[in-house]
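Chain by chain, the residues:
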Amino acid sequence: MAKRTDFLGSLEQIVLLALVRLGSDAYGVTVRVEIEKRTGRSLSIGAIYSTLGRLEAKGYVSSRTGEATAERGGRAKRHFRVEADGLRALRASQRAIDNMSAGLRKRLEST
Amino acid sequence: MHDLAQRWASRLLERLLPEDVAEALVGDLLEEHTLRVRTAGPRRAAFWYWGQVVRSVVPVLHTAFRRGDWVLAWVVGFVAYSFASSAEMSARDSVALVATHTAVDAVPVLIIYLGTIALGAYVAERVRAGAGLALGLLVALTAVLELVTDAHDMPLWYRCALLIAGPAAALAGRTLLARWSRGAPASRRRRTVG
């Protein structure tokens, strides 16, 4: 029997998609900027980390400590990557949205 | 170079968050701020920085509570708050026996209350991560209620001072524990770069 996967919230999906896009360069700044560039939503860095913490607790995302730079005041970066369970949950959530909106394009676009 | 206000804002976030998250989050803020100083100018960058800090406080608090098992954190925080409130009431009764001037009486009561809050936050945080923060929020909430309802017989300055110094005392107690448990202040352990 297939493992049951959680449906993700919209912010969780957006953050996971940003991680997939950014690959090995995914950390707080790049994730925030990528989301702002693609969705027009200017999220707070606190909201990004809160979401990443939630995803990490579910095992959908893992993190490692990266390099520190002078412009960061000597503070280390934290790089994130999507795990296999995260990709599975993302696919399931996207499929659910696709299934629910199938055949509704005209109606959704008419209003 | 970041100004004093920005450093304080960063420290506030560092106090609220677990160390591993705080280091990365504040580092990200400083990195993007430096970029924005170059592209948009120092004033707009400072405005952006403060907007980020203010908007980050709620999700950051939420994360801090979740990490520390928030139900237990609130219970422990409430016990510590009850202990601090009892100390305040006892102090008020004791001071009332020897003095009569309300404004003067309030000074030792406030000192005792703030000391108990700091001690309570220290102990609460030892028992459960996030409990010191819960205590600070409870103190802030009751201080606001007392200001609005005017239910206390204490002077207005006392209630205003409590609103600011109460949560600060709880944060100080929490910070004390963090520093002692790490063995050295975070600033001393931070690696120096560039």
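Structure: above.
Residues numbered from 1 in each chain as written. Chains lettered and ligands numbered in written order. Predicted model: local features only at pLDDT ≥ 70, side-chain atom pairs only at ≥ 80, totals over all residues. Heavy atoms only, no water.

Engineer: Just checking my understanding: could you explain the overall build of chain A for this structure?
Structural biologist: Check the secondary structure of chain A and you find five helices and two strands. The order of helices and strands in chain A, counted from the N terminus, is α-α-α-β-β-α-α. Burial analysis of chain A (111 residues in total) assigns 41% to the buried set. Long-range pairs, those at least 24 residues apart, make up 53% of the contacts in chain A with a sequence separation of at least 6. With the model as given, the accessible surface of chain A reaches about 6400 Å², and the carbon-plus-sulfur share is 51%. (Helix = DSSP H or I, 4+ residues; strand = E, 2+ residues; numbered from the N terminus. Buried < 20%, exposed > 50% of the residue type's maximum accessible area, 1.4 Å probe, protein only. Contact = heavy atoms within 4.5 Å. Areas by Shrake-Rupley, 256 points an atom, 1.4 Å probe, with all protein chains shown as cover.)

Engineer: Please clarify how the overall build of chain B should be interpreted in this entry.
Structural biologist: Within chain B, the regular secondary structure consists of eight helices and zero strands. Residues counted as buried form 45% of the 194 residues belonging to chain B. A separation of at least 24 residues holds for 69% of the contacts in chain B among residues at least 6 apart in sequence. Looking at chain B as shown, the accessible area adds up to about 10400 Å², and 68% of this sits on carbon and sulfur atoms.

Engineer: Looking at this structure, I do not really get the interface of chain A and chain B. What am I missing?
Structural biologist: Interface size is commonly expressed as the accessible area that is lost once the parts come together. In this complex, chain A contributes 27 residues to the contact, which on the side of chain B involves 30 residues. Of the roughly 2300 Å² buried between chain A and chain B, counting both surfaces, carbon and sulfur atoms make up 51%. It is Ile45(A), Glu71(A) and Arg75(A) in chain A that bury the most area against chain B; as a group they hold 27% of the surface buried on that side. At the boundary of chain A with chain B, the tally comes to four salt bridges. Arg36(B) is paired through a salt bridge with Glu36(A); the nearest N and O atoms lie 4.0 Å apart. Here chain A is connected to chain B by twelve residue pairs in polar contact (both at pLDDT 80 or more). Of all the secondary structure elements, the ones that give two or more residues to the side of chain A that touches chain B are α2 (28-39), α3 (45-57) and β2 (76-82) of chain A. (Buried area = accessible area lost by both parts, 1.4 Å probe. Salt bridge = Lys/Arg side-chain N within 4 Å of Asp/Glu carboxyl O. Polar contact = N/O pair within 3.5 Å; in protein donor to acceptor, adjacent residues only side chain to side chain.)

Engineer: Got a minute to help me understand the packing of aromatic side chains in this structure?
Structural biologist: Any aromatic ring pair is given by two values, namely how distant the centres are and how the planes are angled relative to each other. Residues and elements named next belong to chain A. Considering all chains together, one arrives at two aromatic pairs over all chains under this definition. Geometrically, the ring pair formed by Tyr-49 and Phe-80 is edge-to-face, given 6.1 Å between the ring centres and 70° between the ring planes. Remark: Phe-80 occurs in strand β2 and Tyr-49 occurs in helix α3; sequence separation between them is 31 residues. Accessibility assignment for this pair places Tyr-49 and Phe-80 in one class, buried. (Phe/Tyr/Trp six-rings, centres within 6.5 Å; stacked < 30°, edge-to-face > 60°.)

Engineer: Explain the pattern of salt bridges to me, please; I cannot follow it from the model alone.
Structural biologist: Note that side chains of opposite charge can pair when their charged atoms are close. Residues and elements named next belong to chain A. Inspection of every chain in the model, using the stated rule, returns 14 salt bridges over all chains. With its nearest N and O atoms 3.1 Å apart, the salt bridge here joins Glu-12 to Arg-54. Separated by 42 residues along the polypeptide, Glu-12 in helix α1 (residues 10-22) and Arg-54 in helix α3 bring together distant segments of the chain. Owing to a relative accessible area of 26%, Arg-54 belongs among the partly exposed residues under this scheme.

Engineer: How should I be thinking about helix α2 (residues 19-40) of chain B in this particular structure?
Structural biologist: Side chains three or four residues apart in an α-helix point the same way, a direct result of the helix having 3.6 residues per turn. Taking 1.5 Å per residue as the helical rise, α2(B) with its 22 residues ought to reach 32 Å, and the 31 Å between its terminal C-alpha atoms agrees with that figure. Of the residues trailing α2(B), Gly41(B) is marked for its positive phi of about 95°. (Expected span 1.5 Å × (residues − 1).)

Engineer: I tried to follow the packing of α1(A) against α3(A) on my own but got confused; where do I start?
Structural biologist: Each pair of packed helices can be described by the angle between their axes along with the distance between the axes. All names here are of chain A. At their nearest, the axes of α1 and α3 sit 10 Å apart, and the two run at 85° to each other. Classified by the angle their axes make, α1 and α3 are roughly perpendicular. From α1, Leu-11, Glu-12, Val-15, Leu-16 and Leu-19 reach across to α3, where they touch Thr-51, Leu-52, Arg-54 and Leu-55. Tallied by class, residues from the contact of α1 with α3 come to six nonpolar, one polar and two charged. (Axes fitted to C-alpha atoms, helices over the stretch in contact; angles between N-to-C directions. Parallel < 35°, antiparallel > 145°, perpendicular 65-115°, else oblique. Nonpolar A, V, L, I, M, F, W, Y, C, P; charged D, E, K, R; others polar.)

Engineer: I would appreciate a short explanation of a nonpolar patch on the surface in the present structure.
Structural biologist: The grouping of Val71(B), Leu72(B), Val75(B) and Val79(B) at the surface amounts to a nonpolar patch, some 320 Å² of accessible area in total. Relative to the assigned elements, Val75(B) resides in helix α4 (residues 70-98). (Patch = residues over 30% accessible without salt bridge, like charges linked within 9 Å, V, L, I, M, F, W, Y side chains within 5 Å.)

Engineer: Mind showing me how you'd approach the layout of surface pockets here?
Structural biologist: Unoccupied space between atoms shows up once a probe the size of one water molecule is rolled over them. All names here are of chain B. The calculated volume of the second largest pocket comes to roughly 240 Å³. Along the wall of the second largest pocket there are 13 residues; nearest its centre are Leu-16, Leu-133, Leu-137, Pro-167 and Leu-171. Elements represented by at least two residues in the lining of the second largest pocket include exactly α1 (4-16), α3 (42-67), α6 (131-149) and α7 (156-182). Examining the composition of the lining of the second largest pocket, we find that five residues originate from one element, α7, more than from any other. Class assignment for the residues of the lining of the second largest pocket results in eleven nonpolar, two polar and no charged. (1 Å grid on protein atoms, 1.4 Å probe; cavity = no way out; pocket = protein on both sides within 12 Å on 5 of 7 lines; lining within 4 Å. Points joined across faces, edges and corners; volume = space filled by probe spheres on them.)

Engineer: Can you help me understand the nonpolar core in this one?
Structural biologist: Across soluble globular proteins, nonpolar side chains show a tendency to be buried alongside one another. Counting 39 residues, the largest nonpolar core has Leu16(A), Leu19(A), Val31(A), Leu25(B) and Leu29(B) as its most contacted members. Within the residue set of this core, elements represented by two or more residues are α1, α2, α3, β2 and α4 (84-101) of chain A together with α1, α2 and α3 of chain B. With seven residues, α2(B) is the single largest residue contributor to this core. In this view, Leu16(A) contacts Leu8(A), Leu55(A), Tyr60(A), Val61(A), Val82(A), Gly86(A) and Leu90(A); residues no more than four positions away in its chain are not counted. Core analysis: the next-biggest nonpolar cluster, separate from the first, contains 23 residues, Val109(B), Leu114(B), Ile117(B) and Tyr158(B) among them. (Core = buried A, V, L, I, M, F, W, Y, C linked by side-chain atoms within 4.5 Å.)

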